[in-house]
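Take a look at the letters that make up each chain.
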Amino acid sequence: MKRRTFLQLGTMTAAASWLSGCRSANEKLIPYLTPPDEGVTPGMAVYYASSCRFCPAGCGILVRVSEGRAKKIEGNPAHPLNRGKLCARGQAVVQELYHPDRVTQPLKRSGPRGSGQFTRISWEEGLALLTEQLGKLQRERATDRLALVTPPLRGTLAELAAGFMRSFGSPRHLSYELLGPDWLRTAARRSFGQPSLPYYDIAETRYLLSFGADFVEYHLSPVQYGFAFGRMRQGRDTVRGHFTYVGGRMSLTAASADRWMAARPGSEGMLALGIARLILAESLFDAGSLTANGLRADDLLRRLEAYDLDRVAHLSGLRQDVIAEVAREFATTRPALAMAGEPVAFQTNGPDAVRAVQLLNVLVGNLNRPGGIYPDAGETTGPEDSFAELLSLVDRMLGDRISVVMVHGDPVHAVPPATGFQEALARVPFIASFSSLLDDTALQADLVLPDHAALESWGDVIPLAGTREPVIGLMQPVVTPLYDTRQFPEVLMATARGLGGTMAAAFPYQSYLEMLKSSIKKRVGPAGGGDFEVVWVDLLRQGGLFKANNGQGKSLRWAAGATLPDPGEPRFAGDEKQFPLHLQVYPSTAFLDGRGAPLPWLQQLPDPMTTVVWDSWVELNPETAVWLGISFGDLVEVTSPQGSLRLPAVIYPGIRPDTVAIPLGQGHHGGGRYAKGRGANPLALVALMGINREPQPAWNATMVRVTRISEKGELVTAGNPQGSYRSELIEI
Amino acid sequence: MEKMTSPYRWGMVVDLDRCTGCGACVVACQAENNVGICGKREIAEGRDMHWLRIERFWVGEYPNVRVRFLPVLCQHCHDAPCEPVCPVYASYHNPEGLNGQVYNRCVGTRYCGNNCPYAVRVFNFYSHEWPKPLDNQLSPDITVRPRGVMEKCTFCIQRIRRAREDAEGEGRKIRDGEVQPACAQTCPTEALVFGNLADPRSRAARLSRSPRGFRLLEHLGTHPSITYLKGGGREHV
Ligand code: SF4
Ligand code: SF4
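Please read all numbers here as calculations on a predicted model, not as lab measurements. (Residues numbered from 1 in each chain as written. Chains lettered and ligands numbered in written order. Predicted model: local features only at pLDDT ≥ 70, side-chain atom pairs only at ≥ 80, totals over all residues. Heavy atoms only, no water.)

Chemist: How do you make sense of the overall build of chain B when you look at a structure like this?
Modeler: The secondary structure content of chain B amounts to 6 helices and 10 strands. Relative to its length of 237 residues, chain B is compact, with a C-alpha radius of gyration of 18 Å against a globular reference of 18 Å. The buried share of chain B, taken over its 237 residues, is 64%. If you take every contact in chain B between residues at least 6 apart in sequence, the share linking residues at least 24 apart comes to 65%. As presented, chain B carries roughly 8,700 Å² of accessible surface, and 48% of it is formed by carbon and sulfur atoms. (Helix = DSSP H or I, 4+ residues; strand = E, 2+ residues; numbered from the N terminus. Rg over C-alpha atoms; globule rule 2.2 N^0.38 Å. Buried < 20%, exposed > 50% of the residue type's maximum accessible area, 1.4 Å probe, protein only. Contact = heavy atoms within 4.5 Å. Areas by Shrake-Rupley, 256 points an atom, 1.4 Å probe, with all protein chains shown as cover.)

Chemist: Which parts of the structure should I look at to understand the overall build of chain A?
Modeler: Helices and strands together make up the secondary structure of chain A, namely 24 helices and 28 strands. For chain A, the C-alpha radius of gyration of 27 Å lies close to 27 Å, the compact-globule estimate for 732 residues. A buried classification covers 64% of the 732 residues belonging to chain A. At a minimum sequence separation of 6, the contacts of chain A that also span at least 24 residues come to 73%. Surface summary for chain A: the accessible area is close to 25,500 Å², and the carbon and sulfur share equals 51%. Charge-centre separation for chain A: the mean point of 73 positive side chains lies 2 Å from the mean point of 73 negative side chains. (Lys, Arg positive; Asp, Glu negative; His and termini not counted. Charge placed at Lys NZ, Arg CZ, Asp CG, Glu CD.)

Chemist: Is there a simple way to explain empty space enclosed by the protein in this structure?
Modeler: The gaps left among the atoms become clear once a water-sized probe is rolled over them. Residue and element names in this part refer to chain A. Applying the stated criterion across every chain, the model contains 18 cavities of 30 Å³ or more. Its boundaries defined by the atoms lining it, the second largest cavity holds a volume of some 170 Å³. Taken together, 15 residues make up the lining of the second largest cavity; nearest its centre are Pro56, Leu179, Tyr218, Leu220 and Leu464. Taken together, the residues of the lining of the second largest cavity break down into 9 nonpolar, 2 polar and 4 charged. (1 Å grid on protein atoms, 1.4 Å probe; cavity = no way out; pocket = protein on both sides within 12 Å on 5 of 7 lines; lining within 4 Å. Points joined across faces, edges and corners; volume = space filled by probe spheres on them. Nonpolar A, V, L, I, M, F, W, Y, C, P; charged D, E, K, R; others polar.)

Chemist: Is there a simple way to explain the environment of Gln487 of chain A in this structure?
Modeler: Residue and element names in this part refer to chain A. The residue Gln487 is located in the loop between strand S19 (472–475) and helix H19 (488–499) in this model. It is 25 Å that separates the C-alpha atoms of Gln487 and Leu179, two residues lying 308 residues apart in sequence. Each residue touching Gln487, except ones within four places of it in the same chain, is listed here: Asp451, His452, Ser457, Trp458 and Tyr512. Separated by 2.7 Å, the side chain of Gln487 and the backbone oxygen of Trp458 make a polar contact. (Polar contact = N/O pair within 3.5 Å; in protein donor to acceptor, adjacent residues only side chain to side chain.)

Chemist: I'm lost on the packing of aromatic side chains in this one. Help?
Modeler: The relative placement of two aromatic rings is captured by the distance of their centres and the angle of their planes. What the rule picks out here adds up to 22 aromatic pairs over all chains. Arranged with centres 6.4 Å apart and planes meeting at 85°, the rings of Phe243 of chain A and Tyr245 of chain A form a pair that is edge-to-face. With respect to burial, Phe243 of chain A and Tyr245 of chain A carry one shared label: buried. Ring centres 5.0 Å apart and planes at 10° place the aromatic pair Tyr8 of chain B and Trp10 of chain B in the stacked group. The same class applies to Tyr8 of chain B as to Trp10 of chain B, namely buried. The rings of Tyr199, Tyr200, Tyr225 and Tyr374 of chain A are connected pair by pair, giving a single aromatic cluster. For Arg311 of chain A, the ring lying beneath its charged end belongs to Tyr307 of chain A, and the centroid distance is 5.3 Å. Between Arg468 of chain A and the ring centre of Tyr374 of chain A, over which it is positioned, the NZ or CZ distance is 3.5 Å. (Phe/Tyr/Trp six-rings, centres within 6.5 Å; stacked < 30°, edge-to-face > 60°. Lys NZ or Arg CZ within 6 Å of the ring centre and 35° of its normal.)

Chemist: Help me understand the pattern of salt bridges in this model?
Modeler: For side chains of opposite charge, pairing can occur when their charged atoms come near one another. All names here are of chain A. Counted under the stated rule, the structure contains 49 salt bridges over all chains. The shortest N-O distance in the salt bridge between Arg259 and Glu329 comes to 3.3 Å. Of the two residues, Arg259 sits in strand S12 (residues 259–261) while Glu329 sits in helix H12 (residues 320–332), which places them 70 residues apart along the sequence. The exposure class of Arg259 is buried, given its relative accessible area of 7%. (Salt bridge = Lys/Arg side-chain N within 4 Å of Asp/Glu carboxyl O.)

Chemist: Can you help me understand the sheet that holds strand S9 (residues 213–214) of chain B in this one?
Modeler: Neighbouring strands of a sheet are bound in pairs by backbone hydrogen bonds; such pairs are parallel or else antiparallel. Residue and element names in this part refer to chain B. Read across the sheet, 4 strands follow the order S8-S1-S10-S9 without closing on themselves; strand pairing throughout is mixed. In this open sheet, the two strands that pair with only one neighbour each are strand S8 (192–196) and S9. Where S9 lies against strand S10 (residues 226–229), 2 bridges are found, and the strand directions are antiparallel. Its bridge partner lying in S10, Gly213 is registered against Leu229. (Pairing = 2+ DSSP bridges.)

Chemist: Please explain the site of ligand 2 as it appears in this structure.
Modeler: Around ligand 2, 13 residues are found, and the nearest of them are Cys19, Cys22, Gly23, Cys25 and Cys187 of chain B. When its residues are assigned to classes, the shell around ligand 2 shows 9 nonpolar, 4 polar and no charged. (Near = heavy atom within 4 Å.)

Chemist: Explain the site of ligand 1 to me, please; I cannot follow it from the model alone.
Modeler: Taken together, the residues surrounding ligand 1 are Cys52, Phe54, Cys55, Ala57, Gly58, Cys59, Leu86, Cys87, Arg89, Gly90, Pro222 and Val223 of chain A. Looking at the shell around ligand 1, its residues break down into 9 nonpolar, 2 polar and 1 charged.

Chemist: Teacher, can you tell me more about the layout of surface pockets here?
Modeler: Residue and element names in this part refer to chain B. The volume enclosed by the second largest pocket comes to roughly 700 Å³. Around the second largest pocket, the lining is made up of 36 residues, and of these Gly46, Asp48, Arg53, Ala119 and Val122 lie nearest the centre. When contributions to the lining of the second largest pocket are tallied by element, the ones reaching two or more residues are strand S2 (53–59), helix H3 (111–115) and strand S6 (122–123). Among the residues making up the lining of the second largest pocket, the classes are represented as 17 nonpolar, 11 polar and 8 charged.

Chemist: Help me understand the nonpolar core, please; the structure alone is not making it clear to me.
Modeler: Soluble, globular proteins show a tendency: their nonpolar side chains are buried together. Core analysis: the biggest nonpolar cluster contains 253 residues, and Ile202, Phe211 and Leu360 of chain A together with Met12 and Phe155 of chain B have the highest contact counts within it. For this core, the element with the most residues is helix H8 (residues 268–281) of chain A, which contributes 9 residues. Setting aside residues no more than four positions away along its own chain, Ile202 of chain A makes contact with Leu208, Phe215, Tyr225, Ala228, Phe229, Met232, Leu337 and Met339 of chain A. One finds Phe164, Ala496, Phe507 and Phe532 of chain A within the second-largest nonpolar core, a separate group that totals 46 residues. (Core = buried A, V, L, I, M, F, W, Y, C linked by side-chain atoms within 4.5 Å.)

Chemist: Any chance you could explain unusual backbone geometry here in plain terms?
Modeler: Both trends apply: most residues other than glycine have a negative phi, and most peptide bonds are in trans. The residue after Arg334 of chain A, namely Pro335 of chain A, is reached through a cis peptide bond having omega -10°. In the segment running from Tyr62 of chain B into Pro63 of chain B, the intervening peptide bond is cis, with an omega of 0°. Within the element layout of this structure, Pro63 of chain B appears in the loop between S2 and strand S3 (66–72). In this model, Leu220 of chain A sits at a positive phi of 55°, which is unusual for a non-glycine residue. Mapped onto the secondary structure, Leu220 of chain A falls in the loop between strand S10 (207–211) and helix H7 (222–234). Relative accessible area serves as the criterion here: at 6%, Leu220 of chain A is assigned to the buried category.

Chemist: What is the right way to read the confidence of the model for chain B from this model?
Modeler: Fine structural detail should not be taken from predicted coordinates in areas where pLDDT scores are low. Confidence in the prediction of chain B, expressed as mean pLDDT, is 92, and 96% of residues score 70 or more. Scoring the predicted complex yields pTM 0.93 and, for the interface, ipTM 0.95. (pLDDT = per-residue confidence, 0-100.)

Chemist: Sorry if this is basic, but what is going on with the interface of chain A and chain B here?
Modeler: You'll often see interface size given as the accessible area lost when the parts meet. Tallying the contact residues gives 101 residues for chain A and 101 residues for chain B. Where chain A meets chain B, there are 5 salt bridges. Between chain A and chain B we count 27 residue pairs in polar contact (both at pLDDT 80 or more) in total. A per-element tally of the side of chain A that touches chain B places helix H1 (residues 3–18) of chain A first, with 10 residues. Of the residues belonging to the side of chain A that touches chain B, the class tally is 49 nonpolar, 29 polar and 23 charged.

Chemist: Is there a simple way to explain the environment of Tyr674 of chain A in this structure?
Modeler: For Tyr674 of chain A, the location among the structural elements is in the loop between strand S25 (659–663) and strand S26 (689–691). With 48 residues separating them along the chain, Tyr674 of chain A and Val626 of chain A place their C-alpha atoms 34 Å apart. Ignoring any residue separated from it by four or fewer positions in sequence, one finds Tyr674 of chain A in contact with His99, Pro100, Ala597, Pro598, Pro600, Gln603 and Trp614 of chain A together with Pro131 and Leu134 of chain B.

Chemist: Explain the sheet that holds strand S17 (residues 447–448) of chain A to me, please; I cannot follow it from the model alone.
Modeler: Residue and element names in this part refer to chain A. Overall, mixed pairing links the 7 strands, which are arranged S6-S5-S17-S16-S15-S7-S8 in an open sheet. Where the open sheet ends on each side, the last strands, each with one partner, are strand S6 (118–120) and strand S8 (173–175). Examined bridge by bridge, strand S16 (residues 430–433) and S17 share 2 bridges and lie parallel to one another. Bridge assignment links Ser433 to a residue of S17, and that residue is Val448.

Chemist: Help me understand H12 of chain A in this model?
Modeler: A turn of α-helix holds 3.6 residues, and therefore any two residues three or four places apart point the same way. The end-to-end C-alpha separation of H12 of chain A is 18 Å, in line with the 18 Å expected for 13 residues at 1.5 Å each. Considered for burial, the residues of H12 of chain A that qualify are Val322, Ile323, Ala324, Val326, Ala327, Glu329, Phe330 and Ala331 of chain A. (Expected span 1.5 Å × (residues − 1).)

Right, dumping it as structure tokens:
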């Protein structure tokens, strides 16, 4: 008798003791408004529907709450965007709520800026300090000396912030985010005459050609596109969608591709036009689509003459036969889909390179088709050139024309210092931060008015992109606030009330919740039927407003008179002799631009490509490493015309020998015990590049050199650098 | 294989053609199961506590290089090398095909961990801390394992148990798809499919018969409950 069989006699009791602890069944979804003792049994878990606002994707979540504590975040299966799925970051958001270093009440600076010395004060005091500063500007008739800096806001909060700044009389609301898709909106406006973001029907496509669009990690709507990718591969009986990725670094997304084309950085747009020319020359294009878009093949072919195969192969560093093969595959497999992503956009020729990729979609006729591209139903407008606004604010701050800055978010960490933002902010006499951790920005602030954690907040979350039906997700508090914090919009409203006069009159609401309800009521319209309270509770229960109504009518069409994209050759900061390597900075899978770094689960999550934990690193091709005498884990110095950094080296077989890459996200001065002083922030290396003297967010156009310092990189990887099993042993 | 006394035989299918290596499952597992937070030193010592990890392989050389991801969790073997070596019977097999670990029996010999060819058993070499108020996130359904105890993936047995009680309350069997471990639940690409392999019509059972299927280190004869499906296509390696 196997010992196991023998054991079965005794195991039932063993299992019971193993599972000691109370049994907890799950109640149905309940809205927060249900009184705590009604329909909720102590010891039983309940689920609250809410939304994730950790990144702009805005997925729907369900939070399992037991005994008044949030336990586990799951995807909301009813949410049309993420259908019950979540990314690693969304799973970790519960640690934002219970972070041991949260700011528990308002703080006033008591030491020099950056020292982290603060005095605890009450909300009355805190609000009075802010109102006093703003009141002074009003009295001096200098209301435009107030600036508000936030990430791009949507929905009710956007309305509120805009109303606040309008009634105060300051046009200086900067909505900036390093990874904001401004470039996609601008490109769409120039190509299609409308600034809406694209919706990619990845699930139904048969040939996906991504020029640097990293939809597995962060691009537009990672969970939605990850879901679609699974379907594209194995969701259809007889079709397995093919995936080709173009980019100098093999990203996590590229790792899933069937073919990786390591094009030289900045050459992607020209490569796209080379593919377009070949499709035209070999008459593989969709004639109907060209006519419908007002384009003529012979005319296009003539104008793309300069992009012959020979030249494009030379520019991109790829083989001619490979380019031709991909061009033919792309044109003859229908439907086929081309996407452009951040690594392409953040080059000096980025704006036109993105449009070159869009042109490919027109050529093979996949606009407004299953397996192709539609206009997205997310917010149809949004910042198109917030980078220019950022620079103009920096100018004003440097010219001492800004006296008060209110900041939500952590721009001190997530804006490249080459813009001069940090230096300019330091000149501003009064900075108020709304961070719930003492992050890099809050450390510079004179006043910290801590926001609630996401799981304590009310709000609406309009997904950036990823659906063809308009979606409004709702956020509701799932636990009572832990500390003496207040929601950012509540603070804005209280400040307006404190200022009195027209400011107070602009916000006739008792609370942000009331404002939120009235704005949702407007969105629901009369269709919702009689009693809005009933509708509201229903919406909270399901997590938002998901009914399809319009948006289906819109379509994409190449705009009459739109110029042909002309990316031209890229330019780079730093001369080739001194700085022989291209630097690519990319958002870390776990931390994005740095917002995930405070959460220990994300620090402990091995980076999927390198398995590095709790750190940052620079990736070098094995050949380059040999040439520079660098081994895995060595401490190296990376120097650009802008600055230098020390960090450990990772030998990375999936990167061009002339390129190195560093993930964004680490290198915080603050941000709590898990983030502070860990790794390095590569934004310090990035130089500012301009097109026709106008600075552009060309974050990947900096050249660097790398030198070895010592063998003490203190790099820790969770896996063996080569993987634990030999892959042939396990047949993959 | 021995006679099954239960209508359930839990198993999983991992479709490597879908898996993008994103790591959502890794965090979901840690969140669901009170898995300790490990610092840099602990991981440097090879003592990471994750119950589920994504193996990453580089295949080939630049520019013809590829990456393959392999989610590895307890394979819930039917001939589990970890079970016969435990002197106190902490590692056992249950009638539903789960390879269980009774924490309060474990005396920490680590024989099971030594014997596991998949290296999925993790030992609490240290006591793990959840600095206040981080401890609020701990699930009341599962114990927090102290120092000196071996732990591992349970296929989220607390969820299976909950589903079984719900089903029994209604006098029926657990439906296909009704219970999912945290990893499968969150996987954006639906690469992980969990289900009852004793029911030939369940999604997991159907997928496990795919011609793309293989078992991890199959030649060791451990008879895992997890079937991996090979990535299709990949013609350009
Ligand atoms: S993709 Fe963004 S919104 Fe969705 S779960 Fe992840 S962090 Fe949250
Ligand atoms: S969540 Fe799914 S796609 Fe992501 S690593 Fe895990 S199994 Fe792979």
